[in-house]
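# Structure assessment
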Amino acid sequence: MARQASAVALRKLLNKSKPAIAMASHNPLSANLAAEAGFNAIWVSGFELSASYAVPDASLLPMSTHLEMTRSIAESLADKSFPLVVDVDTGFGNAINVAYIIPRFEAAGAAAVVIEDKHFPKDSSLRTNGRQVLVTIEEFQGKIAAAKAKSDSMLIIARTEALIAGLGQEEAQRRALAYVEAGADAILIHSKQLTPEEILSFCRSWPDEQVPLVLVPTSYPQLSFTDITALGKVGLIICGNHAIRASVASMRNVFGRILKDDGLAGVEEDIASVSEIFELQGDSAMRKLEKDYLR
Ligand code: SPV
Ligand code: MG
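Only a predicted model underlies this, so the values are computations on that prediction, with no experimental measurement involved.

Turning next to helix α7 (residues 168-181). The end-to-end C-alpha separation of α7 is 20 Å, in line with the 20 Å expected for 14 residues at 1.5 Å each. Residues Glu 171, Ala 172, Arg 175, Ala 176, Ala 178, Tyr 179 and Val 180 constitute the buried set of α7. Those residues of α7 hidden inside the fold are in contact with α6 (137-149), β5 (155-160), β6 (186-189) and α8 (197-205). The positive-phi residue at the C-terminal boundary of α7 is Gly 183, with phi of around 120°.

Let us now look at the site of ligand 1. Around ligand 1, the structure places Trp 43, Ser 45, Gly 46, Phe 47, Asp 87, Ser 125, Leu 126, Arg 159, His 190 and Gly 240. Between an oxygen atom of ligand 1 and a side-chain N or O atom of Asp 87, the distance comes to 2.7 Å. Take His 190: an N or O atom from its side chain is 2.7 Å from an oxygen atom of ligand 1. Expressed as a share of its isolated accessible area of 280 Å², the protein-covered part of ligand 1 is 100%. By residue class, the composition of the shell around ligand 1 is three nonpolar, five polar and two charged.

Turning to the domain arrangement of the protein chain, a few remarks are in order. When cut into domains, the protein chain gives domain 1 (1-241) and domain 2 (248-293). For domain 1 and domain 2, the distance between their C-alpha centres works out to 32 Å.

Let's shift gears to the nonpolar core. Residues Phe 105, Val 113, Tyr 179 and Ile 187 are the most contacted members of the largest nonpolar core, which totals 62 residues. With 20 residues, the next largest nonpolar core counts Ala 22, Val 114, Leu 155 and Leu 188 among its residues.

Moving on, we come to the packing of helix α5 (residues 95-108) against α6. Where α5 meets α6, the closest approach of the two axes is 8 Å, and the angle between their N-to-C directions is 25°. When the interaxial angle is binned, α5 and α6 end up roughly parallel. Two packed elements cross with a definite hand, and for α5 against α6 that hand is right-handed. Here Ala 95, Val 98, Ala 99 and Ile 102 of α5 come into contact with α6, specifically with Gly 142, Lys 143, Ala 146 and Ala 147. Across the contact of α5 with α6, the residue classes break down as six nonpolar, one polar and one charged.

Reading the values: the criteria
Residues numbered from 1 in each chain as written. Chains lettered and ligands numbered in written order. Predicted model: local features only at pLDDT ≥ 70, side-chain atom pairs only at ≥ 80, totals over all residues. Heavy atoms only, no water. Helix = DSSP H or I, 4+ residues; strand = E, 2+ residues; numbered from the N terminus. Expected span 1.5 Å × (residues − 1). Buried < 20%, exposed > 50% of the residue type's maximum accessible area, 1.4 Å probe, protein only. Contact = heavy atoms within 4.5 Å. Near = heavy atom within 4 Å. Polar contact = N/O pair within 3.5 Å; in protein donor to acceptor, adjacent residues only side chain to side chain. Areas by Shrake-Rupley, 256 points an atom, 1.4 Å probe, with all protein chains shown as cover. Nonpolar A, V, L, I, M, F, W, Y, C, P; charged D, E, K, R; others polar. Domains from an automatic or database assignment. Core = buried A, V, L, I, M, F, W, Y, C linked by side-chain atoms within 4.5 Å. Axes fitted to C-alpha atoms, helices over the stretch in contact; angles between N-to-C directions. Parallel < 35°, antiparallel > 145°, perpendicular 65-115°, else oblique. Left-handed = near helix turned anticlockwise from the far one by under 90°.

Quick look at the structure:
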């Protein structure tokens, strides 16, 4: 029931007049901090998960690692209807692999999965001169149909990498419309151009009556959430990798200062207190258990 509730909540949030904003996460702690900050959903990011294992985002981690992280994040959130939008990359193979994973990710707590039209194994979309090879439209339609057939409630978001692969606007729109025809609930259109013109052009030519678009404005951060909302086509904005990038910047800074300062005192003001960490670990719940049951 809780899982269905999160899919219902996400459907309501995909509002083209007021897009939902999802923050990336790579573990339960970062997901809880994103929920606490006021984001509407969690992006269970393959890029962040790979980075947290210090490996490239190139289909190296097994499906079970993605699944277990999804389950851990879902279990850790107090609000069981808080939506998780889960990045399942290419679906870990063909339409048969997709049919296998969908019920598992739904059971783990996903409100939506995003499946991309690249070949397995994939390469990161953001990588300079990355290997961006797409499957045929027909093959990807089969993967979307297989996903839809395996879940009544979870949203299936189809992601086209046509712009990332340099195939142009016409091919991107052709693919996106074909994926809607196959049953996609929304279309994630990705661009790695450093200015927003490419994505704006796609959004402007996307038919008004069509399913909502999903954007990941990592490469063109100058496009504000207000600018995106004004397009009237986007239902979800994903902050793709800001949890891991914030963590790396902060750890590098603090680690470097500790050695340079010859001790811990200098960073004390700039890091979370131990009591804050206790709180994030659910210490108050454990205190209640201690009081009620420990004899
Ligand atoms: C991710 O966060 O894993 C994504 C977004 O898929 S991107 O890295 O920009 O491809
Ligand atoms: Mg990804």
